[in-house]
Amino acid sequence: MRRESQRLESACVFCGSSDDADPQFLAAARTIGKGLADAGVKLVYGGGGVGLMGAVARAAHEANGDVLGIIPTFLVGKERALETVEHIIVDNMHERKMLMFQRSDSFIILPGGIGTLEEVVELLSWRRLDLHAKPVVFYNPRGFWEPLFKLFQHTVDERLTPPEFMQAWVSVEAAEDVVPALLGQGRERYPSEAAVGRRG
Ligand code: AMP
């Protein structure tokens, strides 16, 4: 399969929308938002102003970074859409995830709830199907994501997932290490990316 290495221009952040999250997670979201802005990498995110989402987006925006929020109409009020940054309002969750994928060169996963889990599992399942090779970095403070990694390993041990799937992401424990880890991976574009979301 032909691949082309390119500079990373954008990163999609999947993260929690809860304002009650550990203040360490909220502070880390701010560090990562600023880190993306300082590196000249555009932040693509779910468009809300709440929880870790709001924290990462405000920090990137305040550090003069490019930010694109993508939010479905029904969540504009609930997730308090950030109107101070570029945003696109879509009809539903599927459109949101598709556009977030298409507009992003790479992905950062912060602690989150069921919504974040859903987004991560879809992203990695597309990777498993070789539909993309976009870099994925998990911010994994105090082992937050270990139960998920264990579950993935369990599916490998049961011969339901190929062992090389476990190489599909990088995990770091310090917020400061997230953007350098992302940039260190570069960007490889698979021709099959165009198949994601194609109709018919
Ligand atoms: P949570 O981790 O549950 O706080 O959710 C984080 C973000 O994921 C929020 O912006 C949710 O609206 C979003 N989300 C939840 N489920 C989905 C889904 N099925 N598709 C796209 N986004 C989702």
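One can find the structure itself at the top, above this paragraph.
Not measured: the values here are computed from a predicted model. In every chain, residue numbers begin from 1 and rise along the written sequence. Residue-level local features of this predicted model are given only where pLDDT is at least 70; pairs of side-chain atoms are given and counted only at 80 or more, and the full residue set underlies all totals for whole chains, interfaces and linings. Heavy atoms from the whole structure form the basis of all side-chain values; hydrogens and water molecules are not counted.

**Some remarks on the site of the ligand**
Now for step 1: Put simply, a residue is near a molecule or strand once any heavy atom of it comes within 4 Å of that molecule or strand. Every one of the 16 residues lining the ligand counts as a neighbour, but Ser17, Glu79, Gly113, Gly115 and Thr116 are closest to it.
Now for step 2: Throughout this description, a polar contact denotes any pair of N or O atoms lying within 3.5 Å of each other; where both atoms belong to protein, one of them has to be capable of donating a hydrogen while the other can accept it, and for residues adjacent in sequence the pair is counted only when both atoms sit in side chains. Arginine 96 is positioned such that a nitrogen or oxygen atom in its side chain is 3.0 Å from an oxygen atom of the ligand.
Now for step 3: For the ligand, a nitrogen atom lies 3.3 Å from a polar atom in the side chain of glutamate 118.
Now for step 4: Protein contact buries 84% of the 490 Å² of open area that the ligand shows by itself.
Now for step 5: The way it works is that DSSP assigns letters per residue, a run of H or I at least four long becomes a helix, a run of E at least two long becomes a strand, and they are numbered from the N terminus. Within the residue set of the shell around the ligand, elements represented by two or more residues are helix 3 (93-102) and helix 4 (114-128).
Now for step 6: The dominant element in the shell around the ligand, judged by the number of residues it contributes, is helix 4, at five residues. Note that accessible areas follow from Shrake-Rupley with a 1.4 Å probe, and for residues the cover is restricted to the protein chains shown.

**Quick notes on the side chain of serine 104**
Now for step 1: Residue placement: serine 104 occurs in the loop between helix 3 and strand 6 (107-109).
Now for step 2: A polar contact is formed between the side chain of serine 104 and the backbone oxygen of methionine 100, at a distance of 2.6 Å.
Now for step 3: Whether two residues are in contact is decided by their heavy atoms, any of which lying within 4.5 Å being enough. Among all residues touching serine 104, those that are not within four sequence positions of it are Ser10, Ala11, Cys12, Val44 and Lys134.

**What to know about the packing of aromatic side chains**
Now for step 1: Aromatic pairs are defined between Phe, Tyr and Trp rings, using the six-membered ring for Trp, whenever the two ring centres lie within 6.5 Å; interplanar angles under 30 degrees are classed as stacked, those over 60 as edge-to-face, and all others as tilted. Here the structure, examined in full by the defined rule, presents 12 aromatic pairs.
Now for step 2: Relative to tryptophan 145, the ring of phenylalanine 144 has its centre 4.9 Å away and its plane inclined at 80°; by these criteria the two rings are edge-to-face.
Now for step 3: Throughout this description, buried means an accessible area under 20% of the type-specific maximum (1.4 Å probe, protein chains only), exposed means over 50%, and partly exposed covers the range between. With relative accessibility at 2%, the residue tryptophan 145 sits in the buried group.
Now for step 4: Seen in terms of ring centroids, phenylalanine 165 and tryptophan 169 are 5.5 Å apart; in terms of plane orientation they differ by 70°. Their pairing is edge-to-face. Judged on exposure class, the residue phenylalanine 165 and its partner tryptophan 169 are both buried.
Now for step 5: What links up through ring pairs into an aromatic cluster is the set Phe25, Phe138, Phe144, Trp145, Phe149, Phe152, Phe165 and Trp169.

**Considerations on the sheet that holds strand 7 (residues 136-139)**
Now for step 1: Taken together, seven strands build an open sheet; the order of strands is 5-4-3-2-6-7-8 and the sheet is parallel. Only two strands of the sheet have a single partner each, and these edge strands are strand 5 (86-90) and strand 8 (170-172). The average undirected angle you get between the axes of adjacent strands in this sheet is 20°.
Now for step 2: Sheet topology places strand 4 (residues 67-72) next to strand 5; five bridges connect them, and they run parallel. Bridging across to strand 5, isoleucine 71 finds its partner in isoleucine 89.
Now for step 3: Of the strands in this sheet, strand 2 (10-14), strand 3 (42-45), strand 6 and strand 7 touch helix 1 (residues 23-38), which is tilted by about 145° from strand 7. Pairing between strands is defined by DSSP: at least two bridges between the two strands are required. Here an angle of 0 to 180 degrees is reported between the N-to-C directions of two axes, which are lines fitted to C-alpha atoms, with helices fitted over the stretch in contact.

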